[in-house]
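Observations on the three-dimensional arrangement
Chain by chain, the residues:
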Amino acid sequence: MSRSAAARTAPTGGTRPAGEPAASPSATRTALRICPLCEATCGLTLTIEASRVTRVRGDRDDVFSRGFICPKGASFGELDADPDRLRTPLIRKDGELKEAGWDEAFDMIAARIRPLIEEYGPNAVGVVLGNPNVHTMAGALYPPVLLTLLRTRSLFTASTLDQMPKHVSSGLLFGSAAAIPVPDLDRTDHLLLLGANPLDSNGSLCTAADFPGKLKALRRRGGTLTVVDPRRTRTAQLADRHIPIRPGTDALLLAALAQVLFEEKLTRLGALEEHVEGVAELREAVREFSPEAVAAACDMDAQEIRTIARELAAAPTAAVYGRVGSSTVEYGTLANWLVDVLNVLTGNLDRPGGALFPLAATDHAPRPAAPGKGFALGRWASRVSGHPEAKSELPMAALAEEIDTPGEGRIRAVISLAANPVLSAPDGDRLDRALDGLDFMVSVDPYLNETSRHADVVLPPPPPSQSSHFDFAFNNFAVHNQARYTPAAVPLEEGRLDECEIQARLVLAVGGMHGAEPGAVDDMVIENSLTRAVADPHSPVHGRDVKALTAQLTGRTGPERRLDMMLRLGPYDLTLQKLLAHPHGIDLGPLQPRIPQILRTRSGRIELLPGPIAADLPRLRRALKERPGSLVLVGRRHLRSNNSWMHNVPTLNGGSNRCTLQVHPADAARLGLEDGAPARISAEGGELEVPVEITDAVRTGVVSLPHGWGHSRPGTRMSVAAARPGVNVNQLLDGSRLDPLSGTAVLNGFPVELTPLR
Ligand SMILES: Nc1nc2c(c(=O)[nH]1)N[C@H]1C(S)=C(S)[C@@H](COP(=O)(O)OP(=O)(O)OC[C@H]3O[C@@H](n4cnc5c(=O)[nH]c(N)nc54)[C@H](O)[C@@H]3O)O[C@H]1N2
Ligand SMILES: Nc1nc2c(c(=O)[nH]1)N[C@H]1C(S)=C(S)[C@@H](COP(=O)(O)OP(=O)(O)OC[C@H]3O[C@@H](n4cnc5c(=O)[nH]c(N)nc54)[C@H](O)[C@@H]3O)O[C@H]1N2
Ligand code: SF4
Ligand SMILES: [Mo]
C-alpha cells in the first residue's frame, strides 16, 4: 500500500471525528482528494502538515485524471485555508450578524421558518440552489429531501443560468431530462464544438480531466476540431477551423447544417433508424434554413456552412457538442436540441466515437427498454410573469420579482444553498433589495458575500480538505465510466460540522422535525429507497428483505451508508468497501451504447421533432430577418476563475484574470475608445463603468465582459476580492430576456451601448 493509500484509508473525516486517533500534529503525510473546483474532477494528492494542506499535485495513479492538474487545483491549499472563510454560524440579532453556536442557529431556523410555512404555505419559501451543490456530497444528498418535505414550487437553481436548455432538449428528445449525451472525446474523429471554451473552463456537461490534452490527442490522431465562438479563445486557437459566429445565432447555423444533410442526402441514421421517429417532419421543419438563408444572420459564408455539414457527414465518427455560449442565449433550447438532432442524423448518437450516454456507478441498474411517461413542461407557471416551470424549476431570473411583487403567494423566506445570485443572476441590485425585504433567509455558505450578507442565519460548511467526496453529479457526464471516493483528508476542526450534517439538520428544522438526530434523515432515505427497490422487478435486490439489506450497508456515516446503498443498487456490482480498497478509483470502461434502454419517451423512441420545439421554430424563422444592435455582449471565463467566489484567493486573482471589457480594435476606433481607459456600457438593466481592453480576440460587433465580479457591496467579508472588485456584468440585464422553453437567462448575445468616459 502506498503512503497516500494509507492516508486515504485512515479513519479521518466523516460527520464526526470524535473518538478517532488524531494524527501526530507535526507529521507530514499525503491524502487523496477529488478536486471540487470544476467539472473535470481531477484526483489530487495533498501534502498535509499539521492538518494544513501545504502542497498539491495531480494524482498520477488516478484512474480518470492520470495526474492532470490546473492552476485552480494547485491552489486548493490556499483556498482551503482562506482566512476569510467563516468558522462558526452567524445569526442576525438586532439587525447585525453575530457569531453563534450551531444549536442556536438551527433553533432560530426552526422557530422562524415553520410559522411562515404554516401561515403562507410552502411556496412562500424559496429554495435557491447554487453551482457548488454539484461539487459536494451534501449538495447531492440533502436538497432532494428538503424539497420533498417542503413541497415548495418556488425552486430556483443555477441551471436556469446555465444548462437548462440541455435538460429540456433531452427531456423532449429522449424522455429524460437527465439523459445527456457527451462527446466521446477519446475516440472521436471529428468534434464540432460550439460556445464552449474547455481550455479555460476545463469542460462542462462533459467531464474529462485534461480536456486540453484530449483535444490535442484528437488532432494528433488525424481528427478534426471545429470551434464556433465569437471570440478567438485558447480552444479556438487549437482548432482546425474557427468560426467567429455572430452571438446568439448558433441555432440558425445548426438548423442549416441539418438542412444541408437532408438536401444533399447525407443523413445516415444507421443503427438508430428503428429507434427514431419524426425524421420526415424534421426535414420539412428545417427546409427554410438553408445556408444561404442563415448566412447573413450568422455572419458566415454559406459555402463554409455547406463544407462543415459535409465534413460532419463524411467523418468516420463525429460529435457535435455545445455548451454555455449556445445555451444561455435567445434560442438556447433550440440550439441544444439541434446539437443532438445532428448527432442523430449523422448516426453518431450512441455509438463509440460519437456522443454517448455515460452510465454512472450510482445510476439505476439498466432495465429493459419500454415506453415511459415522457417529459412534461410547463405543469405550472411562475406567479408574476407566468414563466413555465421546467424540471420543477422556475427561472432564476424571476427570483427577485417573486419576492418583491406584493400579493398572495409571494416568497417570504429564502433558503440559499451554495448560491450567490446577487452576482450570478440578472439585475443583482433588484435581488439585493428583494432579499433585504424577506421575513427570513438562511444561507449555507463558507463566505459572507453579496448574497449571504442578507441571511438571518449563515451556516458555514468546513473547507474541502475536511469533507469526503464522491461525484454524484459529474460521473453522469464523464467521458469514461469510473468511480472514485475520497474520504475527508483532514479531520473536522473543533467546532465544525460536516456539510452533510449541516444540510441534514436544516432539513429537520425546516421539515418540522427539529431536534431529531441528523442520521434520521439518512435512515429515512435508505428505508424509502430500499422499500422501492425491493418492489421493483428490475432492481438487483428485487424481493429481498429491507431490514437485511439495511444491515448489510457499511460506512461510518449516514452519507457513506447512502453511497454504499446507491452503489449496491447500481449497475456495476460495487460497494463502498470496494471503492475504499481502490483509493485511486475503479475504471468501469469506455462509454457503451445505451439506446433503446435509456429512452423514456411515450413512444419509446427518440422523438426528433417534439411539439414544444416545433412550436418554438417560428421564432427562429423570424430570426432569419432580425439583426440585433450594432454591438452585443458575450461573457468569458478565465482559467483561474470560478464564477463569483474564487476572487478571494490571491494567486487566482490578478494578472490576466481581470474584469475588463474586451473590444475589437475596429469597434474601439469607431467609438473613440482607448486601451485601459474607462468606458460606460449600458443595456436594458443598467449601466457600468469598466476599463476597456482592446484586442482582436473578440470579433467586431462583439464585446466581452466576464461574470462573477462586482465585489463592492458593503457588509461582506472577502477582503482580497473587495480590494479588486470589478463590476457585475449581470447588472446590464433586467431579467426579462429568457429562452422561453427553458426559462434560462440570456447572458450572451444581448445588445449593449458603449461610450468613452473621460
Ligand atoms: N453573465 C453571466 N452570468 C453567469 C454565467 C455566465 O457565463 N455569464 N454563468 C452562469 C453559470 S454557468 C453558473 S453555474 C452560475 C453560478 O452561479 P451560483 O450558483 O450563484 O454560483 P457561484 O457564483 O459559483 O457561487 C457559489 C456560492 O457557493 C459558495 N460555496 C463555495 N463552496 C461551497 C461549498 O462547498 N458549500 C457551500 N454550501 N457553498 C459553497 C460560494 O461562497 C458562493 O457563495 O453563474 C451563472 N452566471
Ligand atoms: N476557469 C473556470 N472554469 C469554469 C468556470 C469558471 O468560472 N472558470 N465555471 C464552471 C461552470 S459553472 C461552467 S457552466 C462551465 C462552462 O464552461 P464552458 O461552456 O466551456 O463555458 P465558457 O468558458 O463560458 O465558454 C463559453 C464560450 O461561448 C462563447 N459564446 C458566447 N456567446 C456565444 C454564441 O452565441 N455562440 C457561440 N458559439 N459561442 C458563444 C464565449 O465566447 C465563450 O468562449 O465552466 C466551469 N469551469
Ligand atoms: S481542471 Fe478542474 S478538477 Fe482539475 S484541478 Fe483544475 S479545477 Fe480541479
Ligand atoms: Mo455553470
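Just so we're clear, the structure is a prediction, and the values are computed from it rather than from any experiment.

Before going further, it helps to spend a moment on the sheet that holds strand S5 (residues 96-99). Sheet strands pair by backbone hydrogen bonding; their relative direction is either parallel or antiparallel. Spatially, the 7 strands line up as an open sheet ordered S5-S4-S17-S16-S15-S6-S7, and their pairing is mixed. Every interior strand has two partners, whereas the edge strands, S5 and strand S7 (155-157), have only one. Neighbour to neighbour, the strand axes of the sheet diverge by 15° on average, direction disregarded. Note: strand S15 (residues 413-417) against strand S16 (residues 440-444), 5 bridges, orientation parallel. Counterpart to Val-414 in the pairing with S16 is Met-441. Lying on the sheet, helix H4 (residues 102-120) is in contact with strand S4 (90-93), strand S6 (125-129), S15, S16 and strand S17 (457-459); it crosses S17 at an angle near 130°. Relative to S6, helix H6 (residues 143-150) is tilted by about 165°, and along the sheet it contacts S6, S7 and S15.

Throughout the structure, instances matching the rule amount to 43 salt bridges. In this structure, Lys-93 and Glu-104 form a salt bridge, with 3.1 Å as the shortest nitrogen-oxygen distance. Of this pair, Lys-93 sits in strand S4 while Glu-104 is found in helix H4, placing the two residues 11 residues apart along the sequence. You can call Lys-93 partly exposed: its relative accessible area is 38%. The exposure class assigned to Glu-104 is partly exposed, which follows from its relative accessible area of 35%.

Let us look at the site of ligand 2. Taken together, 30 residues are adjacent to ligand 2, and Ser-201, Asp-229, Gly-248, Asp-250 and His-638 come closest. Within the backbone of Gly-195, one N or O atom sits 3.3 Å away from a nitrogen atom of ligand 2. Coverage of ligand 2 by the protein chains reaches 98% of its 920 Å² of free accessible surface. Contributing elements (two or more residues each) for the shell around ligand 2: helix H8 (198-201) and helix H15 (324-327). Each residue belonging to the shell around ligand 2 can be placed in one class, and the counts come to 9 nonpolar, 13 polar and 8 charged. Counting contributing residues per domain, the shell around ligand 2 is built from domain 1 (164-364) and domain 2 (628-756), each supplying no fewer than three.

This brings us to the sheet that holds strand S11 (residues 241-243). A sheet is described by the order of its strands in space; here 4 strands give the open sequence S11-S10-S9-S13, paired in parallel fashion. The sheet terminates laterally at S11 and strand S13 (319-322), the two strands that pair on one side only. For this sheet the average axis-to-axis angle between neighbouring strands, irrespective of direction, equals 15°. Two elements, strand S9 (residues 190-194) and strand S10 (residues 224-228), share 5 bridges in a ladder whose sense is parallel. Of the residues in S10, the one forming a bridge with His-190 is Thr-224.

Reading the values: rules and limits
- Residues numbered from 1 in each chain as written.
- Chains lettered and ligands numbered in written order.
- Predicted model: local features only at pLDDT ≥ 70, side-chain atom pairs only at ≥ 80, totals over all residues.
- Heavy atoms only, no water.
- Pairing = 2+ DSSP bridges.
- Helix = DSSP H or I, 4+ residues; strand = E, 2+ residues; numbered from the N terminus.
- Axes fitted to C-alpha atoms, helices over the stretch in contact; angles between N-to-C directions.
- Contact = heavy atoms within 4.5 Å.
- Salt bridge = Lys/Arg side-chain N within 4 Å of Asp/Glu carboxyl O.
- Buried < 20%, exposed > 50% of the residue type's maximum accessible area, 1.4 Å probe, protein only.
- Near = heavy atom within 4 Å.
- Polar contact = N/O pair within 3.5 Å; in protein donor to acceptor, adjacent residues only side chain to side chain.
- Areas by Shrake-Rupley, 256 points an atom, 1.4 Å probe, with all protein chains shown as cover.
- Nonpolar A, V, L, I, M, F, W, Y, C, P; charged D, E, K, R; others polar.
- Domains from an automatic or database assignment.

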